[in-house]
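# Structural overview
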Amino acid sequence: MEVIILFSAFLVLLLIGMPIAFSLGIASLGYLLLEGISLTVVPQRLYAGIDTFVLLCIPGFVLAGNLMNVGNITENIVRFSNALLGHIRGGLGLANVGGSMIFGGISGTAVADSASIGSVMIPGMARSGYDKPFAAAVTAASSTVGPIIPPSVPMIIAGSLSGVSVGRMFLAGAVPGLLLGLAMMVTVYILAVRRGYPKEARVPFLQLLREARTAFWALLMTAIILYGIIGGFFTPTEASIVASLYALVVGMYVYKGLSWRKLPAILTDTVFTSAALLLMVGLANLFGWILTSEQIPQMIAGLILTISENPLVVILILNLILLFVGAFMETIAALIILFPALLGVATGVGMDPVHFAVMAVLNLMIGLTTPPVGVCLFVVSGIGKLPMLTVARAILPFLVCNLAVLLLVSYVPAVSLWLPTLLLGE
């Protein structure tokens, strides 16, 4: 009975617009009071949820993303992508996806991607003759590539929950992330041809070289992060600090968008964003502890396996559960609550933990672009001053291509596991 009250309270709080962290905390507190459990468990579980070394890289990558936005690094990425792809029909849309792929390889968060790329590309695409809903849809859809292409904050969370190497999961996301980006580029091109969207004049080769030289320092940032982690020079946490220092130096002395006067505001925003994320992690850990104590994960696993023990069917069920949850719940909270339970089911039918982690994150990223709680939809609709349902309709073709990539990743393990096996061995 108390578990039903727990879930009911959580859902009601979500529906009335309560932030998800508080929804998790209030629902958990109500359960503890009804069960007569000492409230000393609250700080214990909060601390246990965030007392993981790898979680320290969350503030680091948040800071790196903020420094990129203010330091003109994002703008240079977009300009280079446009110079490279703008002459193709729908080129600004292709540049939008390409910019997200590069940006996502640095910040690791979809919301930061949709906000930073969207603030540049949505008005720019609208001025160039694209439908504004299409521009917003491309921005929201392509932002989901960010947490698939390494580094990835959701994969850091998944690694801390499962004990799987974060570096291995970063590598496992590279190929699926590239496939996701390419699939969206194909979708953009097909829609652009059908709707007669414009194309820019071809950029002269010398100007393309100048744009590439200007964007070089931004592109080098991704290479440093990945090579450092793969080569064993630093951990993901250390990589986040290296990324922040690099973004500071490049933004201040190369692109000159940063100044010492802007740093206090950037640091303040980073503190608030990181604190909100870590509070959610802590409260989701409390919620997850309650579910574990009530043996809910075992019940979910048993229920799934009573339907079928066929791996193909189980993988489909896992996808449906994650897509459904992703449409209603924030990614990190969903991972903390569901990932351990569903990981047990996945490994029980022979899935590799790294393969399942990539599949789970991809599902939840797609959820960021689906109503009713698609955070990226809210971000781009706010930037474009559009109703969310208008953007949701415009994003449907991209959801179809993203679901096709999801099925490929789900049923062909080599898509995820080939690169980490090649570079790191078994």
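Residues numbered from 1 in each chain as written. Predicted model: local features only at pLDDT ≥ 70, side-chain atom pairs only at ≥ 80, totals over all residues. Heavy atoms only, no water.

### Quick word on the overall build of the protein chain
Summing up its helical and strand segments, the protein chain has 21 helices and zero strands in all. For a compact globule of 426 residues, the expected C-alpha radius of gyration is about 22 Å, and the protein chain comes in at 21 Å, within 12% of that figure. By its C-alpha atoms, the protein chain is 70 × 50 × 50 Å across when sized along the principal axes. Residues counted as buried form 54% of the 426 residues belonging to the protein chain. Here the analysis covers contacts within the protein chain between residues at least 6 apart in sequence; of these, 78% occur between residues at least 24 apart. Accessible surface for the protein chain amounts to roughly 17600 Å². Of this, 71% is attributable to carbon and sulfur atoms. (Helix = DSSP H or I, 4+ residues; strand = E, 2+ residues; numbered from the N terminus. Rg over C-alpha atoms; globule rule 2.2 N^0.38 Å. Buried < 20%, exposed > 50% of the residue type's maximum accessible area, 1.4 Å probe, protein only. Contact = heavy atoms within 4.5 Å. Areas by Shrake-Rupley, 256 points an atom, 1.4 Å probe, with all protein chains shown as cover.)

### What to know about helix α12 (residues 236-254)
Owing to its 3.6 residues per turn, the α-helix brings residues three or four apart onto one side. For α12, with 19 residues, the first-to-last C-alpha span of 25 Å sits near the 27 Å given by 1.5 Å per residue. For α12, the set of buried residues is P236, T237, A239, S240, A243, S244, Y246, A247, V250, G251 and M252. Among the residues trailing α12, K256 stands out with phi positive, at a value near 60 degrees. (Expected span 1.5 Å × (residues − 1).)

### Description of the packing of aromatic side chains
Tallied over the entire structure, the rule returns six aromatic pairs. Ring geometry for F216 versus W217: centroids 5.3 Å apart, planes at 75 degrees, classification edge-to-face. Owing to a relative accessible area of 40%, F216 belongs among the partly exposed residues under this scheme. In this structure an aromatic cluster arises from ring pairing among Y130, F134, Y197 and F398. (Phe/Tyr/Trp six-rings, centres within 6.5 Å; stacked < 30°, edge-to-face > 60°.)

### Focus: empty space enclosed by the protein
Scanning the model with the defined rule gives one cavity of 30 Å³ or more in all. Each pocket or cavity is described by its volume, and for the largest cavity that value is around 30 Å³. Lining the largest cavity, in full, are L322, A334, L335, L338, F339, L342, F356, A360 and L364. When contributions to the lining of the largest cavity are tallied by element, the ones reaching two or more residues are α16 (331-348) and α17 (353-367). Taken together, the residues of the lining of the largest cavity break down into nine nonpolar, no polar and no charged. (1 Å grid on protein atoms, 1.4 Å probe; cavity = no way out; pocket = protein on both sides within 12 Å on 5 of 7 lines; lining within 4 Å. Points joined across faces, edges and corners; volume = space filled by probe spheres on them. Nonpolar A, V, L, I, M, F, W, Y, C, P; charged D, E, K, R; others polar.)

### Looking at the confidence of the model for the protein chain
In regions of low pLDDT, the predicted coordinates are not meant to be interpreted in detail. Taken over all residues, the pLDDT of the protein chain has a mean of 82, while the share at 70 or more is 95%. The least confident element of the protein chain, judged by mean pLDDT, is helix α7 (residues 110-127) at 74; the most confident is helix α20 (residues 396-411) at 94. (pLDDT = per-residue confidence, 0-100.)

### Considering the packing of helix α10 (residues 166-195) against α20
The N-to-C vectors of α10 and α20 enclose an angle of 150 degrees; their axes lie 9 Å apart at closest approach. On the basis of their axis angle, the class for α10 and α20 is roughly antiparallel. In terms of crossing hand, the pair formed by α10 and α20 is right-handed. For the pair formed by α10 and α20, the contact residues are P176, L179, L180, A183, M184, T187, V188 and L191 on the first element and P397, F398, C401, N402, V405, L408 and V409 on the second. Class assignment of the residues belonging to the contact of α10 with α20 gives a composition of 13 nonpolar, two polar and no charged. (Axes fitted to C-alpha atoms, helices over the stretch in contact; angles between N-to-C directions. Parallel < 35°, antiparallel > 145°, perpendicular 65-115°, else oblique. Left-handed = near helix turned anticlockwise from the far one by under 90°.)

### What to know about the environment of S142
Its place among the elements puts S142 in helix α8 (residues 132-143). In this structure the side chain of S142 is engaged in a polar contact, spanning 2.8 Å, whose partner is the backbone oxygen of V138. (Polar contact = N/O pair within 3.5 Å; in protein donor to acceptor, adjacent residues only side chain to side chain.)

### Some words on the nonpolar core
One finds L24, F134, L318, F356 and F398 to be the most contacted residues of the largest nonpolar core, which totals 139 residues. Sorting elements by how many residues they give to this core places α16 first, with twelve residues. Among residues more than four places away in sequence, those in contact with L24 are F10, M280, L283, A284, F287, A333 and I337. (Core = buried A, V, L, I, M, F, W, Y, C linked by side-chain atoms within 4.5 Å.)

### Considerations on the environment of D51
Relative to the helices and strands, D51 is located in the loop between α3 (41-50) and α4 (57-70). The sequence separation of D51 and G282 amounts to 231 residues, and the corresponding C-alpha distance is 9.1 Å.

### Thoughts on a nonpolar patch on the surface
Judged by side-chain polarity, L312, V313, L316, L320, L407, L408, Y411 and V412 come together as a nonpolar surface patch covering roughly 640 Å² of accessible area. If you list the elements that add at least two residues to the nonpolar patch, you get α15 (311-326) and α20. No other element matches α15, which puts four residues into the nonpolar patch. Note on placement: L320 falls in helix α15. (Patch = residues over 30% accessible without salt bridge, like charges linked within 9 Å, V, L, I, M, F, W, Y side chains within 5 Å. Salt bridge = Lys/Arg side-chain N within 4 Å of Asp/Glu carboxyl O.)

### Looking at α20
When the terminal C-alpha atoms of α20 are compared, their 23 Å separation across 16 residues agrees well with the 22 Å that a helix rising 1.5 Å per residue should span. When α20 is considered as a whole, its buried residues turn out to be F398, L399, C401, N402, V405, L406, V409 and S410.

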